[in-house]
2 protein chains.
Amino acid sequence: VSGVVLVTGAGGFVGRHAVADLIARGFTVHGVGRKPSHDDSITWHQADLLDDGARAALLHAVRPSHLFHLAWETRHGYFWSAPENPAWAEATLDLIRRFQDGGGRRAVVAGSCAEYDWSLNDGDCFETTTPCRPATPYGRAKLATFEAASEEAAASGLSLAWGRLFLLYGPHEGAARLVSSLIRAMLAGEPVALKEPTALRDFLHAADGGAAFGALVASDVEGPVNIASGRGVAIADVARMIGADVSGADAPPDGSPARLVADVSRLRDEVGFTPRYNLESGLTETVAWWRDQS
Amino acid sequence: VSGVVLVTGAGGFVGRHAVADLIARGFTVHGVGRKPSHDDSITWHQADLLDDGARAALLHAVRPSHLFHLAWETRHGYFWSAPENPAWAEATLDLIRRFQDGGGRRAVVAGSCAEYDWSLNDGDCFETTTPCRPATPYGRAKLATFEAASEEAAASGLSLAWGRLFLLYGPHEGAARLVSSLIRAMLAGEPVALKEPTALRDFLHAADGGAAFGALVASDVEGPVNIASGRGVAIADVARMIGADVSGADAPPDGSPARLVADVSRLRDEVGFTPRYNLESGLTETVAWWRDQS
């Protein structure tokens, strides 16, 4: 595959990795973002994609054969209900139309796991069978954009794929986001706050997310494609993995040992004692007791 | 076995369970504590065990055949370096002497995992082979008491066992202690702070701790005996177990799903993408990156 690909959000957390992958695949890469770029490997365009004229001028200047549209409002926490979501939906549809009008052949757009109905199938998300029912303005804007773009692509013959991102992590991630904040707290020896320790989530390294998008751009697969690991990991386990990495190099705080476990042979064999509870049943009883106190 | 047993700290977190167990074993139980008791099943003595005269009067009044000495300074956080630790060590030795002088035959005293050298054997604690080297004033006071009491018991023929408690949990535990605070935070829907998510600890239900002491009192086992489960569990896993118990009855906050995991058949089979990282290797790289930022 070769061609000229325009990457929006090219300077961002995932975009930088997608750009590297697309260059390696032989694409001529044009990037666009609101800020200047110091990346000499691609042709950079500084533009605000929410500006109609800027979009028109950009596509006129680049005339890409391929479009990878990653840009959106993504500020941590803010994006779920950001008033900018509808504007990004409109700008995305307009960008795809202008891209095709200018001779573009294949577009890949970043969608989201937030498009799915999270309450179904025990949280397993299949592109073709899991119904979409977004619970957030962000999810609704992404889904509405997907539906309108898919309809237009089917009618006009544009090759369109929609890569639904799940959770990402990796270097350069925003400091306030989950994995970054866990790492920073543990490196600083501070307590770690887990809002949902038992929640199982699908985490993908941003470099793999970018490379997966590169592969998707180069392929002819159409429709929705999950960009994810396929593995559900409890957030408490993520914290534990990070803790193991952090304490691998640093001593535990206050001489507190990494492990402290009794041998109970004497208690069991000489005293003849067997516990009534295991930790699971004991905690269940204790949680029930605290629930009754309130 | 039968006899008259004096239980110090009988109204506390472990003591109440030990009392129930000793009654079930046929002992006549006398309890002592600083506060009044509403427990009609035993003869209660209100006394301050740090007061020499109070100890003498108590033993004179009860004339126990067995002593289970559980009382000590145990206020959360405070006890590690409490100035009361040496006074409890002295009071404990005096209590044992007076107990034997009055005809007492068998004493069981509560020791602590804090007596062991935590840096050895990957944290495995064996009563007979793991060297003791307490890192805290509390641990040093307990160990010094154990050593002096053992020596005196060997010389005088007193049957003495020393039950080393590891971590306990269960109903009625102080609200600020680890398991209680995790449960309370999760029931309130608040973030959970884990200082050492990866630390492996040995947790025993307080009812089992009390019953184990009951069994130890009734036995003729002498010397140190670990009172514990023998199972090391990461604190993050304890949090996860509690979370599962809590969310079993409550809906997750904000409609956030318990599980959200992508099917990646399309990405793998149709796009042909394979990730470079798994979560372990990706987190290791990300932790290293953050470490370099500081």
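Everything numeric in this text was worked out from a predicted model, so none of it was measured.

Calculation rules
- Position numbers for residues count from 1 along each chain, tracking the sequence in the order it is written.
- Chain letters and ligand numbers both follow the written order, the letters beginning at A and the numbers at 1.
- It should be noted that, the model being predicted, local features are given only for residues of pLDDT at least 70 and side-chain atom pairs only at 80 or more, the latter also being counted only at that level, while totals for whole chains, interfaces and linings use all residues.
- Processing note: side-chain calculations cover all non-hydrogen atoms of the structure and skip hydrogens and water entirely.
- Here the copies are superposed with least squares, the fitted atoms being C-alpha atoms of residues at a pLDDT of at least 70 in both.
- Pairs of residues are marked as contacts when any of their non-hydrogen atoms sit within 4.5 Å.
- Here is the rule: rings of Phe, Tyr and Trp (six-membered ring for Trp) pair when centre to centre is within 6.5 Å. Planes less than 30 degrees apart are stacked, more than 60 are edge-to-face, and the remainder are tilted.
- Strands are runs of DSSP state E lasting at least 2 residues, helices are runs of H or I lasting at least 4, and numbering of each runs from the N terminus.
- Burial classes: relative accessible area under 20% of the type maximum marks a residue as buried, over 50% as exposed, and values in between as partly exposed (1.4 Å probe, protein chains only).
- Buried surface area refers to the total accessible area, computed with a probe of radius 1.4 Å, that the two partners give up upon joining, counted for both partners together.
- In the analysis that follows, any N or O atom pair within 3.5 Å is treated as a polar contact, provided that within protein one partner can donate a hydrogen and the other can accept it, and provided that, for residues neighboring in sequence, both atoms belong to side chains.
- Classes in brief: Ala, Val, Leu, Ile, Met, Phe, Trp, Tyr, Cys and Pro nonpolar; Asp, Glu, Lys and Arg charged; the others, Gly included, polar.
- Angles run from 0 to 180 degrees between N-to-C directions of axes, and those axes are lines fitted to C-alpha atoms, restricted for helices to the stretch in contact.
- Any angle between 65 and 115 degrees counts as roughly perpendicular, while under 35 counts as roughly parallel, over 145 as roughly antiparallel, and the rest as oblique.
- Take the far helix as the reference: if the near one is turned anticlockwise from it by less than a right angle, the crossing is left-handed, and if turned clockwise, right-handed.
- Two strands qualify as a pair provided DSSP detects at least 2 bridges between them.
- What pLDDT expresses is the predictor's confidence in each residue, scored from 0 to 100.
- Residues belong to one nonpolar core when they are buried, are Ala, Val, Leu, Ile, Met, Phe, Trp, Tyr or Cys, and are joined through side-chain atoms within 4.5 Å.

**Q** Just checking my understanding: could you explain the relation of the copies chain A and chain B for this structure?
**A** One chain copy maps onto the other through a rotation about an axis and a shift parallel to that axis. Superposing chain A onto chain B requires a rotation of 180° together with a translation of 0.0 Å along the rotation axis, leaving an RMSD of 0.0 Å. Such values leave the two copies arranged in the relation of a two-fold axis. Scanning chain A for the C-alpha nearest the rotation axis identifies A193 of chain A, at a separation of 2.2 Å. The share of interface residues of chain A whose copies in chain B are also at the interface is 100%, consistent with both copies meeting through the same surface.

**Q** What should I look at first to understand the packing of aromatic side chains in this one?
**A** Between two aromatic rings, the relevant description is the distance of the centres plus the angle of the planes. Residue and element names in this part refer to chain A. A complete count under the given rule lists 20 aromatic pairs over all chains for this structure. Look at F79 and Y138: their rings are 4.7 Å apart centre to centre, the planes differ by 85°, and that puts the pair in the edge-to-face class. Of this pair, F79 sits in the loop between β4 (66–69) and α3 (85–101) while Y138 sits in helix α4 (residues 137–156), and the two are 59 residues apart along the sequence. Chaining the aromatic ring pairs together yields one cluster made of W72, F79, W80, W88, W118 and Y138.

**Q** Quick question: what am I supposed to make of helix α5 (residues 178–187) of chain A here?
**A** Each turn of an α-helix holds 3.6 residues, which means side chains three or four residues apart point in the same direction. Three or more residues of α5 of chain A are buried, namely V179, S180, L182, I183, A185 and M186 of chain A. After α5 of chain A finishes, the residue G189 of chain A shows a positive phi value of roughly 70°.

**Q** Explain the interface of chain A and chain B to me, please; I cannot follow it from the model alone.
**A** With 101 residues of chain A at the contact, the number on the chain B side is 101 residues. Of the roughly 8800 Å² buried between chain A and chain B, counting both surfaces, carbon and sulfur atoms make up 64%. Connecting chain A to chain B are 25 residue pairs in polar contact (both at pLDDT 80 or more). Top contributing element to the side of chain A that touches chain B by residue count: helix α7 (residues 235–249) of chain A, with 13 residues. Residues of the side of chain A that touches chain B, tallied by class, amount to 57 nonpolar, 20 polar and 24 charged.

**Q** Which parts of the structure should I look at to understand the side chain of S219 of chain A?
**A** Examined against the element boundaries, S219 of chain A turns out to sit in the loop between α6 (206–218) and β11 (223–227). Here V221 of chain A takes part through its backbone nitrogen, which lies 3.2 Å from a polar atom of the side chain of S219 of chain A. Ignoring sequence-local partners within four residues, the contact set of S219 of chain A consists of R106 of chain A together with V271 of chain B.

**Q** Any chance you could explain the packing of helix α2 (residues 52–62) of chain A against α3 of chain A here in plain terms?
**A** Two quantities define a packed helix pair, namely the angle between the helix axes and the distance between the axes. All names here are of chain A. Two elements in contact, α2 and α3, have axes separated by 10 Å at closest approach and are oriented at 30°. Regarding the angle of α2 to α3, the classification is roughly parallel. Handedness of the crossing formed by α2 with α3: right-handed. Every residue of α3 that contacts α2 at R55, A56 and L59 is listed here: A91, D94, L95, R98 and F99. Partitioned by chemical class, the residues of the contact of α2 with α3 number five nonpolar, no polar and three charged.

**Q** Can you walk me through the sheet that holds strand β1 (residues 4–8) of chain A in this structure?
**A** Residue and element names in this part refer to chain A. Taken in spatial order, the seven strands make up an open sheet running β3-β2-β1-β4-β5-β7-β11, and their pairing is parallel. Every other strand in the sheet has two partners, leaving β3 (43–46) and β11 as the edge strands with one partner each. Taking each pair of neighbouring strands and ignoring which way they run, the sheet shows an average axis angle of 20°. Where strand β2 (residues 28–33) and β3 come together, four bridges link them in parallel fashion. Paired with G31 across the strands is W44, a residue of β3.

**Q** Honestly, the confidence of the model for chain A in this entry has me stumped. Any pointers?
**A** Residues shown with low pLDDT carry predicted positions that ought not to be read at fine detail. Residue and element names in this part refer to chain A. In the predicted model, chain A carries a mean pLDDT of 89, and 97% of its residues have values of at least 70. Note that pLDDT drops below 50 for residues 249–253; the model gives that stretch three contacts with residues more than four away or on any other chain. Among the scores for the predicted complex, ipTM is 0.74 and pTM is 0.67.

**Q** Is there a simple way to think about the nonpolar core in this case?
**A** Side chains that are nonpolar tend, in soluble globular proteins, to be buried together. Core analysis: the biggest nonpolar cluster contains 71 residues, and F68, F213 and L216 of chain A have the highest contact counts within it. Of all the elements, α6 of chain A adds the most residues to this core, at eight residues. Contact partners of F68 of chain A, with chain neighbours within four places excluded, come to V5, L6, V7, T8, A18, V108, F213 and V217 of chain A. Counting residues in hydrophobic clusters, the runner-up holds 50 residues, among them A239 and L279 of chain A together with M186 and V233 of chain B.

**Q** Hey, could you run me through the sheet that holds strand β5 (residues 106–112) of chain B in this one?
**A** What links the strands of a sheet is backbone hydrogen bonding, and the strands pair in either a parallel or an antiparallel sense. Residues and elements named next belong to chain B. Strand order in the open sheet formed by seven strands is β3-β2-β1-β4-β5-β7-β11, with parallel pairing between adjacent strands. Looking at which strands have only one partner, the edges of the open sheet turn out to be β3 (43–46) and β11 (223–227). Averaged over all adjacent pairs, the angle separating strand axes in this sheet is 20°, with direction ignored. Examined bridge by bridge, β5 and strand β7 (residues 159–165) share seven bridges and lie parallel to one another. Looking at the pairing, A107 lines up with L160 of β7. The strands touched by helix α2 (residues 52–62) are β1 (4–8), β2 (28–33) and β3; relative to β1, the strand with the most contacts, the crossing angle is about 155°.

**Q** For this particular structure, what's the right way to read the pairing of strand β13 (residues 259–262) of chain B?
**A** Sheet faces and side chains relate simply in a regular strand, where the side chains alternate between the two faces. Pairing geometry for strand β6 (residues 124–125) of chain A and β13 of chain B, over two bridges, is parallel. Its bridge partner lying in β13 of chain B, C125 of chain A is registered against A262 of chain B. When strand β10 (residues 200–205) of chain A meets β13 of chain B, the two strands line up parallel, connected through two bridges. Each residue of the ladder has a partner; that of R201 of chain A, found in β13 of chain B, is L260 of chain B.

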